[in-house]
Amino acid sequence: MTTLAQFLPQHLQQHAIPAELGSVLATVAAACIDINAKVRLGALSGVLGMAGTGNVQGEDQKKLDVIANDMLIAALQADANVAGLASEEEDTFVAAHPDGGYLVLFDPLDGSSNIDVNISVGTIFSILPKPEGALDTQSFLQKGSAQAGSGYVLYGPQTQLVFTLKHGVFVFTLNEQNEFVLTQENPQVPAATKEFAINMSNRRHWLAPMQQYIDELLAGDTGPRGKNYNMRWVASMVAEIHRILMRGGVFMYPQDTRDLSKPGKLRLMYEANPMSLIMAQAGGAAGNAVQDMLDIQPEGLHQRVAVVMGSAEEVAYVTRLHAQA
Ligand code: AHM
Ligand code: MG
């Protein structure tokens with residue numbers, strides 16, 4: 001049994017990772033243990049329902065969105081290694097410690113539509129190095145490839161922390177003593193899969209290459225792909241990506257013709273990029289159907305992006321269909 005507190009110093013030393021980065025990761029993990037306690041109790045701790053407020057993207061906030069956001073902000077502001085943070089629930093970045101070496105971007109509770117119905121939700125986080133100079137929005141607008149680490153906590157049947165500091169992916173499970181214990185090292189996303197995840201109800205709004213792709217999968221073993229595919233849709237990206245990390249698959253949230261000014265629903269900086277780094281570290285792939293996710297130059301903290309990630313063969317196939325269109 002290796003706890004996170006035992007694992008981290010050893011992992012940092014082995015790969016010459018700065019202790020400050022380990023501290024930031026430990027801070028996020030500790031905050032997520034507190035968020036977990038709230039999620040677990042639900043109605044018993046009075047945290048379900050709407051907060052009566054909206055966020056910068058015009059989405060109504062649930063009470064737990066706000067609670068989880070406040071908990072992460074308080075924890076990160078207490079860590080001297082954090083120079084600033086950005087959250088799905090905050091319009092602008094929040095400054096922390098001028099001498100801190102890292103920036104943390106997060107979606108405090110992803111999968112909001114599942115909170116009140118007792119279905120898995122999660123916290124997603126991205127850690128970037130803080131560039132030299134005064135902190136401004138520009139400091140955060142770094143490509144996904146620049147991340148120092150990333151991860152998520154899945155509040156599911158088990159509470160699990162999955163992270164990478166760019167030396168493999170590690171899975172920890174919360175035990176009865178409220179400690180994260182290492183339960184899996186370096187899961188690998190198989191290159192081939194027979195499982196996909198997409199919100200099919202939007203089919204008529206997708207661009208032609210995405211419609212063609214899903215039609216080909218649905219055609220089964222007599223279609224162009226020559227195999228039968230299964231489908232899953234939890235509507236919690238964290239649960240979806242975790243399933244893919246455990247057994248392969250492809251997850252998509254494509255662009256939609258209803259509003260072509262929006263490249264997609266999901267956010268680049270604190271949803272797509274951190275998950276893409278996990279995928280890349282586990283042998284999977286991630287992109288926006290045109291280019292590698294980690295190569296996209298961000299233009300805004302809350303920028304949206306089309307998402308295709310998971311088993312490498314499928315991500316490459318979808319990208320090829322879009323290139324041919
Ligand atoms: P949120 O950040 O408002 O919770 O939205 C993100 C979530 C993802 O977890 C999930 O993949 C997607 O939205 C589900 O969308 P839909 O409700 O369209 O199926
Ligand atoms: Mg979200």
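Residues numbered from 1 in each chain as written. Chains lettered and ligands numbered in written order. Predicted model: local features only at pLDDT ≥ 70, side-chain atom pairs only at ≥ 80, totals over all residues. Heavy atoms only, no water.

- If you look the chain up in an unreviewed UniProt entry, it shows as Fructose-1,6-bisphosphatase class 1 from Bergeriella denitrificans.
- Under the UniProt heading Catalytic activity (unreviewed entry), the note attached to the chain is "beta-D-fructose 1,6-bisphosphate + H2O = beta-D-fructose 6-phosphate + phosphate".
- Looking at the chain in UniProt, the text filed under Sequence similarities (unreviewed entry) is "Belongs to the FBPase class 1 family." (UniProt positions renumbered as here; feature names shortened; annotations may be inferred.)

**Considerations on the site of ligand 1**
Right, so step 1: Near ligand 1, the surroundings consist of 16 residues, among which Asp110, Gly111, Met237, Tyr253 and Lys265 are the closest.
Right, so step 2: Contact distances for ligand 1 include 2.8 Å between an oxygen atom and a backbone N or O atom of glycine 111.
Right, so step 3: A distance of 3.1 Å separates an oxygen atom of ligand 1 from a polar atom in the side chain of glutamate 271.
Right, so step 4: Isolated, ligand 1 exposes 470 Å² of accessible area, and the fraction of that covered by the protein chains is 86%.
Right, so step 5: Elements with a contribution of two residues or more to the shell around ligand 1: strand 5 (102-110), strand 13 (250-253) and strand 14 (266-267).
Right, so step 6: Tallied by class, the residues present in the shell around ligand 1 amount to six nonpolar, four polar and six charged. (Near = heavy atom within 4 Å. Polar contact = N/O pair within 3.5 Å; in protein donor to acceptor, adjacent residues only side chain to side chain. Areas by Shrake-Rupley, 256 points an atom, 1.4 Å probe, with all protein chains shown as cover. Helix = DSSP H or I, 4+ residues; strand = E, 2+ residues; numbered from the N terminus. Nonpolar A, V, L, I, M, F, W, Y, C, P; charged D, E, K, R; others polar.)

**Let's talk about the pairing of strand 10 (residues 180-185)**
Right, so step 1: Pairing of strand 9 (residues 169-174) with strand 10, which is carried by five bridges, proceeds in the antiparallel orientation. Looking across to strand 10, one finds that threonine 173 is bridged to valine 181.
Right, so step 2: What sits between strand 9 and strand 10 in their antiparallel hairpin is a turn of five residues, with asparagine 178 showing a positive phi close to 65°. (Pairing = 2+ DSSP bridges.)

**Looking at the packing of helix 5 (residues 208-218) against helix 8 (residues 312-324)**
Describing two packed helices takes the angle between their axes plus the distance from one axis to the other.
Right, so step 1: Between helix 5 and helix 8, the shortest axis-to-axis distance is 9 Å and the interhelical angle comes to 135°. Relative to helix 8, helix 5 is oriented oblique. The hand of the helix 5/helix 8 crossing is right-handed. Here helix 5 contributes Pro209, Met210, Gln212, Tyr213, Glu216 and Leu217 to the contact with helix 8, which in turn contributes Glu314, Tyr317, Val318, Leu321 and His322. (Axes fitted to C-alpha atoms, helices over the stretch in contact; angles between N-to-C directions. Parallel < 35°, antiparallel > 145°, perpendicular 65-115°, else oblique. Left-handed = near helix turned anticlockwise from the far one by under 90°. Contact = heavy atoms within 4.5 Å.)

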